[in-house]
Amino acid sequence: MSHAEGAAHQNSTPEFDVIVVGSGAGALLAAIRASDEGLKPLVIEKADLLGGTSALSGGGIWIPDNHDMPKVGLRDSLEMAYRYVKACAKGLATDDRVLAYVETARHMARYFLDYPWRNKTRRDRNMTGGQALIGSLLTALRKRNIPLWLETPLQSLITDNGRVTGVVVLKEGRALQIMAQQAVILGAGGFERNQAMREQYLPQPTDQAWTATPPGANTGDAIRAGAEAGAQLHLMAHSWGVPTMMVPKEEKFRPMFVERSLPGCMVVNAQGKRFLNESGPYPEFQQAMFANHQATGGAVPAWIVFDATFRANYPIGPLMPAAAVPDSRLRKSWLNQVYWKGESLEELAAQIGVDAHGLKESAARMTEFARTGKDLEFDRGGNVFDRYYGDIHVKPNPNLAPIAKGPFYAMKLFPGDIGTKGGLLTDRDARVLDDAGKVIPGLYCIGNNSASVMGPAYPGAGSTLGPAMTFAYRAISDIKGQPIPLERTDLLESKL
Ligand code: FAD
C-alpha cells in the first residue's frame, strides 16, 4: 500500500539509501554519518534556507560526562547523568532510551569534533552558537558532496507491506516520489507553527505567533506523515516552553531567557500579583503562566515590571541599559508596544490595565525581600540555578533588588516556546514505533519530530540538540545493521 498512490503528477528519481527530511543539526549529522558509513544520503528541506531552529539557537549541546569536563575540573558520570535524566523524564521516556542517550552522546561528540568547529565568514570572521553549529555541519556536508534540496517539502511517506520505502515531496510545484533503499529519517521539527495542532494538543490559550522559532517551517508535516504511516504519537501536550515577547517588525517573538533573573524586576498578573519565581527554569515559567491563568484569568499575557534602577543598569528585550541608550533614544514606536512607562506605579498600572493596589503591594514586598535577601513567596535566588543569571554585585541576594525608584516600566510576556516536544514515539535507536509498540521498518525519527527523551522536562542547556544529534548518530549505526549496544545495562535494573 502506498500513501503516494493517487498523488497527481508524480515523477520518479534515482534511488538513495537514506532520505533525511529537514536540515536541523540532527538531520545534517545523520546525512554526514550516513555518507561516512558508505551510504548514499539525500537531504530534503522545506524552507529556502537550511538549518531550521537549530541555526538560530544558542548551539548548546548537552553531552553528559564528556571529555572536556575533567580539563576544567568538573566531575560527571554516566550513572549520575542516567539517574538525573530518568528522574526528570518521570517515566515518560523508556529507561533504555535514556541510557542510550547518556552513553552515546560522548561518542557522537568525538565523531563531530573530527571536522571543523568554527566556520569563518567574510562578514565577521567567526560564527558562534547555532550558526557555527550548522555552518560546520554544512562544511562537512559539502566536503562529502551530499545533495541538499531546498524548497522541497515532504508531503507523505511511501510504504510497501508496512515498510517505509520512500517519500513524496513537492518539488517545483510537482509531486515527486523519491525512493530510499534503506531508510527515511524524519527530522522535520515540531508543530509549533501549526495553529490547528496547537489548539488540538497544547495547553490553552495558545498562538503560533508566540513561538520563537522561524515562521512557517515547523508545521508538524512529518508528524502527520508519520502518523498516517501508523506511528504512535507521544508527549503531544508538551513544548519547550519559554516566556516570549513581541518586537514590531521582527519576524518572530523573542524568547526571554535571562533578563527576568536580574534584580529589580518582578512578573505580575492582571491582579498585580506575583505568581512564580521569575528566575526559575524557563519551561517552568511558561507552565506557571498557564496554571495561574487558569486560576485567575490574568496571566496571559503577564507583565514584567521594573524600576528606573533596573532600566539604567540592565538590558531587557530589545532595550539596552538606559546608561547606554536612554529612553529619549529608544524607537518612538516601541512606547506602548514593546514597553510601557509610568512616573508612578499607579500610573503604570493604569496604562497596562493591572490592579494598582496589587501592583504596589507586590513592589513593596519585593523591596523588603531585597533588603533581607529572602523571597518569602517564591524563594527567588534560593538555589544555584537562579543565581547563575543574577548580578553577583547585588547583595545579599543577586536576584533581588528594590522596585522603588520611578519611573517604572512594564513589558508584556506570553507563554511561548522554542519548539514543541511531542511527536513520533521512537526506541533507543530512533526507530519509529507503531501503536502496538512495534518497529515500523525503514522509518527513523529524531529531534522535535520525535517525542523527547527528556519526557516533560527541560533538564538543562542542550537538552534538545544533544539528543537530536545523538539519536541521529545511533540511527545510522542501526541502518548499517550494527546497532550500538548499551554499555551499562546494570543501570537499567537498578532502582533510582
Ligand atoms: P529544526 O532545527 O527546526 O529543523 C527542522 C527543519 O525541518 C527545518 O529546517 C524545517 O524547515 C524543516 N521542515 C519542516 N517541515 C518540513 C517538511 N515537510 N519537509 C522538509 N523539511 C521540513 N536547544 C538546545 O539544545 N540548545 C540551545 O542552546 C538552544 N538554544 C535555543 C535558542 C533559541 C533562541 C531558540 C529559538 C531555540 C533554542 N534551542 C536550543 C532549541 C533548539 O533550537 C530546537 O529545539 C532544535 O533546533 C530543534 O531541532 P530540530 O532538528 O528538531 O528542528
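Above this text is the structure in question.
Residues numbered from 1 in each chain as written. Predicted model: local features only at pLDDT ≥ 70, side-chain atom pairs only at ≥ 80, totals over all residues. Heavy atoms only, no water.

### Some words on the packing of aromatic side chains
Piece 1. Applying the stated criterion across every chain yields a total of 16 aromatic pairs.
Piece 2. Connected via pairs of aromatic rings, a cluster forms that spans Phe306, Phe310, Tyr314, Tyr339 and Tyr409.
Piece 3. Sitting over the face of the ring of tyrosine 111, arginine 33 holds its NZ or CZ atom 5.8 Å from the ring centroid.
Piece 4. Residue placement shows lysine 421 over the ring face of tryptophan 240; its charged tip is 4.0 Å from the ring centre. (Phe/Tyr/Trp six-rings, centres within 6.5 Å; stacked < 30°, edge-to-face > 60°. Lys NZ or Arg CZ within 6 Å of the ring centre and 35° of its normal.)

### Digging into the site of the ligand
Piece 1. By nearness alone, 35 residues border the ligand, and Glu45, Ser54, Asp221, Asn448 and Thr464 come closest of all.
Piece 2. A distance of 2.8 Å separates a nitrogen atom of the ligand from a polar atom in the side chain of aspartate 221.
Piece 3. Considering the ligand on its own, with 1000 Å² of exposed area, one finds that the protein chains cover 95% of that surface.
Piece 4. Counting residues per element, the shell around the ligand draws most heavily on helix 2 (residues 52-56), which supplies four residues. (Near = heavy atom within 4 Å. Polar contact = N/O pair within 3.5 Å; in protein donor to acceptor, adjacent residues only side chain to side chain. Areas by Shrake-Rupley, 256 points an atom, 1.4 Å probe, with all protein chains shown as cover. Helix = DSSP H or I, 4+ residues; strand = E, 2+ residues; numbered from the N terminus.)

### Digging into the environment of glycine 220
Piece 1. Within the fold, glycine 220 resides in the loop between helix 6 (195-201) and helix 7 (221-228).
Piece 2. Judged by its relative accessible area of 0%, glycine 220 is buried.
Piece 3. In this structure the C-alpha to C-alpha distance between glycine 220 and methionine 197, which are 23 residues apart in sequence, comes to 7.9 Å.
Piece 4. Aside from chain neighbours lying at most four places away, what touches glycine 220 is Gly190, Phe191 and Met197. (Buried < 20%, exposed > 50% of the residue type's maximum accessible area, 1.4 Å probe, protein only. Contact = heavy atoms within 4.5 Å.)

### Here's the deal with the environment of glutamate 347
Piece 1. Position of glutamate 347 among the secondary structure elements: in helix 10 (residues 345-352).
Piece 2. Residues glutamate 347 and proline 407, 60 residues apart in the sequence, show an inter-C-alpha distance of 9.6 Å.
Piece 3. In this structure glutamate 347 touches Lys341 and Gly342, once residues within four positions along its chain are discounted.
Piece 4. Polar side-chain contacts of glutamate 347 include one of 3.5 Å to the backbone nitrogen of glutamate 343.

### Regarding the pattern of salt bridges
Piece 1. Enumeration over the complete set of coordinates arrives at 26 salt bridges.
Piece 2. Between arginine 83 and glutamate 79 there is a salt bridge; the shortest N-O distance is 3.1 Å. On the criterion of helical spacing, the pair formed by arginine 83 and glutamate 79 is a turn pair, its members being four residues apart in helix 3 (residues 78-89).
Piece 3. By relative accessible area, arginine 83 is classed as partly exposed at 24%.
Piece 4. Within the structure, one salt-bridge network assembled from shared partners comprises Arg274, Glu278, Glu361, Arg365, Asp375, Glu377 and Arg380. (Salt bridge = Lys/Arg side-chain N within 4 Å of Asp/Glu carboxyl O.)

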